[in-house]
Amino acid sequence: MLVGKKERVIMGIDPGTAIMGYGVILEKGSKIELIAMGVVKMDHLDDHFLKLQRIFAKTVALVDEYKPDVVALEAPFYGKNIQVMLKLGRAQGIAMAAALSRDIPITEYAPRKIKQSITGNGSAGKEQVAAMLQRLLNFKETPEFLDATDGLAVAVCHSFQRVSASGTGKSYSGWDTFVKDNQKRVK
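Residues numbered from 1 in each chain as written. Predicted model: local features only at pLDDT ≥ 70, side-chain atom pairs only at ≥ 80, totals over all residues. Heavy atoms only, no water.

## Side note on the UniProt feature "binding site: Mg(2+) 1" (unreviewed entry) in the chain
UniProt's feature table lists "binding site: Mg(2+) 1" (unreviewed entry) at Asp14 and Asp147, given in the numbering used throughout. Judged by maximum C-alpha separation, these annotated positions cover 134 residues in sequence but sit close together in space, the widest gap being only 6.8 Å. Lining residues of the largest pocket drawn from the annotated set just named are Asp14 and Asp147. A relative accessible area of 8% places Asp14 in the buried class. Dropping the residues within four chain positions of it, Asp14 is found in contact with Ile19, Met20, Gly21, Glu74, Lys126, Asp147, Asp150 and Gly151. Along the chain, the position of Asp147 falls in helix 5 (residues 146-160). Setting aside residues up to four positions removed in sequence, Asp147 forms contacts with Asp14, Ile19, Gly21, Tyr22, Val39 and Lys126. (UniProt positions renumbered as here; feature names shortened; annotations may be inferred. 1 Å grid on protein atoms, 1.4 Å probe; cavity = no way out; pocket = protein on both sides within 12 Å on 5 of 7 lines; lining within 4 Å. Buried < 20%, exposed > 50% of the residue type's maximum accessible area, 1.4 Å probe, protein only. Contact = heavy atoms within 4.5 Å. Helix = DSSP H or I, 4+ residues; strand = E, 2+ residues; numbered from the N terminus.)

Listed below in structure tokens is the structure:
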């Protein structure tokens, strides 16, 4: 978290070549609020390069509108169809380039990490993730496409990765080192 800054805006993006989902949250200390979520549809476009151009333009427009402090993206997943993976990788790269063109830092999260942080289960379905986000952020409307809640999940996952309350920001490789450094906290 940025030193001296109590609030930050986090934009999460679930890149895709047919539908790109996004979510924007405001983090105030340990609380998070929904600002916006939605989708950018590109399934009506036949030309892959037009889709990439739309991803870039819409991502820049979203960054300019919401002025996020950070953009979190869903990292590539491994699939059997190499052509699909290549197209998805391009979409992710274009979304990254759009945010970086506005000097916004980027963080990536694996799909399993996102699901794990939201639901506690790295194999959770899109519907489970959406339901948990509805409870967590207190919104009732069900988005037309689950890609919107997928983008929102990336933003919430990033928020959950905050530096520990102790402020040290230290990460541990195992319980042994944690216990050694935190003997007063362990009974």
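From this point on, the discussion continues.
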